[in-house]
Amino acid sequence: MITMEHICKSYKVAKRNAGMKAACKALFHREREVVRALADVSFTIGEGEMVGYIGPNGAGKSSTIKILSGILTPDSGRCLVDGRVPWKNRMEHVRQIGVVFGQRSQLWWDVPVADSFVLLRDIYHISQVDYVNQLEELEALLNLGELLKIPARQLSLGQRMRCELAASLLHRPRILFLDEPTIGLDAVSKLAVREFILRLNEEQKTTVILTTHDMQDIEALTRRVILIGKGRVLLDGTLDELRHSMERVRVDSAECAEQPESEGERSLEQVIAALYEKLDIV
């Protein structure tokens with residue numbers, strides 16, 4: 001379903017010191033720094049899998065999602081999503097994927113949500129019958145109701161995220177990319193979104209890639225996690241294997257210390273934080 005082989009991606013970032021003198025100098029000679037977002041990233045995800053893609057800020061998670069969704073072109077490497085090269089077969093590719101960015105919206109701010117859905121129907125060339133059936137199903141599952149009549153800018157964050165999920169699923173995509181889908185949501189909204197994603201995966205076998213810093217999302221939704229740091233895949237396995245890796249690190253640390261650690265069971269957040277520290281990827 002999804003294959004990435006030796007993907008690399010770099011950015012050129014402009015930089016200068018503060019002050020008028022530095023600003024004037026930058027008009028004639030701008031300094032640039034090359035930042036490697038991804039360095040030889042490889043993994044394979046099967047159809048119907050739900051995978052957590054985790055790592056600290058700046059690790060390369062969003063760059064990976066943008067390459068998989070066809071927004072970015074990598075510097076080198078091979079990438080196939082359901083048999084397509086994302087950045088080469090854009091029109092066909094976007095018909096088969098759904099993308100939710102927690103900090104960006106695909107809804108038009110000043111019109112009712114229902115009008116945004118109609119525009120998306122036309123963009124994706126969804127037939128009226130399929131559109132009505134899918135909207136009725138999403139409206140019931142996500143409890144949209146009166147939200148469809150309200151402009152996006154007047155929705156709360158939790159309400160907007162439910163509408164964002166519906167917007168990304170109107171065309172029944174086979175693959176769903178979720179980038180921080182529960183960021184800023186309250187506990188009730190998070191539970192509703194998690195339950196919906198689980199149901200979507202179970203009933204429609206939708207392949208889901210989830211990037212998040214909320215480890216409760218990871219525990220609730222995924223069994224497999226890919227840990228990325230400094231643009232490289234560091235670990236790829238189940239949550240139990242991730243915890244076992246941390247236990248090995250703790251044992252090695254205890255053997256080197258004067259006194260062994262005597263801690264209880266660690267939460268997943270503590271496991272991940274300790275791994276970041278030990279692997280020096282923060």
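The structure under discussion appears in the preceding block.
We now turn to the structure provided with this report.

Attention shifts here to the pairing of strand β5 (residues 97-101). With respect to burial, β5 is a largely interior element, 5 of its 5 residues being buried. Where burial is concerned, the two faces of β5 agree: the one with I97, V99 and F101 and the one with G98 and V100 are both buried. Two elements, β5 and strand β6 (residues 175-179), share 5 bridges in a ladder whose sense is parallel. Considered in β6, the bridge of V99 is made with F177.

This part takes up the packing of aromatic side chains. In this description, an aromatic ring pair is defined by two values, namely the gap between the centres and the angle between the planes. Under the criterion given, the structure shown has 1 aromatic pair. Look at F43 and Y53: their rings are 5.7 Å apart centre to centre, the planes differ by 55°, and that puts the pair in the tilted class. A residue pair is termed long-range when its members are at least 10 positions apart, and F43 in strand β2 (residues 31-45) and Y53 in strand β3 (residues 50-54) qualify at 10 residues. Y53 sits in the buried class, given a relative accessible area of 1%. Across the ring face of Y131, the terminal group of R121 is positioned such that the distance to the ring centre comes to 5.4 Å.

Bringing helix α5 (residues 128-141) into the picture now. Note on helix geometry: an α-helix contains 3.6 residues per turn, so any two residues three or four positions apart are oriented the same way. Spanning 14 residues, α5 covers 20 Å between terminal C-alpha atoms, matching the ideal 20 Å at 1.5 Å per step. Contact partners of the buried residues in α5: α4 (113-123), α6 (157-169) and α7 (187-204). At the exit of α5 stands N143, carrying a positive phi of roughly 55°.

Okay, empty space enclosed by the protein next. Applying the stated criterion across every chain, the model contains 2 cavities of 30 Å³ or more. Its volume calculated, the largest cavity comes out at about 50 Å³. What lines the largest cavity is simply E137, L138, L141, F196, R199, L200, E203 and Q204. For the lining of the largest cavity, the secondary structure elements donating two or more residues are α5 and α7.

Below, the discussion takes up the environment of H125. Note that H125 resides in the loop between α4 and α5. We classify H125 as exposed; its relative accessible area is 59%.

Moving on to the sheet that holds β6. Spatially, the 6 strands line up as an open sheet ordered β5-β6-β7-β3-β8-β9, and their pairing is mixed. The open sheet has two edge strands with one neighbour each: β5 and β9 (232-238). Taken over all neighbouring pairs, the strand axes of this sheet differ in orientation by 15° on average, direction set aside. Inspection of the sheet shows β3 paired to strand β7 (residues 207-211) by 3 bridges, in the parallel sense. Paired with V51 across the strands is I209, a residue of β7.

A separate point is the pattern of salt bridges. Overall, the coordinates contain 17 salt bridges when judged by the stated rule. In this structure, K15 and E33 form a salt bridge, with 3.6 Å as the shortest nitrogen-oxygen distance. You can see K15 sitting in strand β1 (residues 2-15) and its partner E33 sitting in strand β2, a full 18 residues away along the chain. Look at K15 and you get partly exposed, because its relative accessible area is 43%. You can call E33 partly exposed: its relative accessible area is 38%. For R194, the salt bridge goes to D214, with nearest N and O atoms at 3.6 Å. Linking R194 in helix α7 with D214 in the loop between β7 and α8 (215-221), this pair joins segments that are 20 residues apart in sequence. The exposure classification of R194 matches that of D214, with both residues buried. Salt bridges linked by common partners bring E47, D82, R84 and R174 together as one network.

Another point: a positive patch on the surface. Taken together, the side chains of K12, R16, R30 and R32 define a basic patch exposed on the protein surface. Considering the arrangement of structural elements, one finds K12 in strand β1. Residue K12 is classed as exposed on the basis of its relative accessible area of 66%.

The subject of this paragraph is the nonpolar core. Grouped together as the largest cluster of nonpolar side chains are 42 residues, with contacts concentrated most on F117, L144, L170 and L178. With 6 residues, α6 is the largest single contributor of residues to this core. Residues contacting F117, with those up to four places away along its chain left out, are L107, Y131, L135, L144, L148, C163, A166, A167 and L170. F43, I45, L72 and I228 belong to the second largest nonpolar core, which has 25 residues in total.

Procedures and definitions
Residues numbered from 1 in each chain as written. Predicted model: local features only at pLDDT ≥ 70, side-chain atom pairs only at ≥ 80, totals over all residues. Heavy atoms only, no water. Buried < 20%, exposed > 50% of the residue type's maximum accessible area, 1.4 Å probe, protein only. Helix = DSSP H or I, 4+ residues; strand = E, 2+ residues; numbered from the N terminus. Pairing = 2+ DSSP bridges. Phe/Tyr/Trp six-rings, centres within 6.5 Å; stacked < 30°, edge-to-face > 60°. Lys NZ or Arg CZ within 6 Å of the ring centre and 35° of its normal. Expected span 1.5 Å × (residues − 1). Contact = heavy atoms within 4.5 Å. 1 Å grid on protein atoms, 1.4 Å probe; cavity = no way out; pocket = protein on both sides within 12 Å on 5 of 7 lines; lining within 4 Å. Points joined across faces, edges and corners; volume = space filled by probe spheres on them. Axes fitted to C-alpha atoms, helices over the stretch in contact; angles between N-to-C directions. Salt bridge = Lys/Arg side-chain N within 4 Å of Asp/Glu carboxyl O. Patch = residues over 30% accessible without salt bridge, like charges linked within 9 Å, V, L, I, M, F, W, Y side chains within 5 Å. Areas by Shrake-Rupley, 256 points an atom, 1.4 Å probe, with all protein chains shown as cover. Lys, Arg positive; Asp, Glu negative; His and termini not counted. Charge placed at Lys NZ, Arg CZ, Asp CG, Glu CD. Core = buried A, V, L, I, M, F, W, Y, C linked by side-chain atoms within 4.5 Å.

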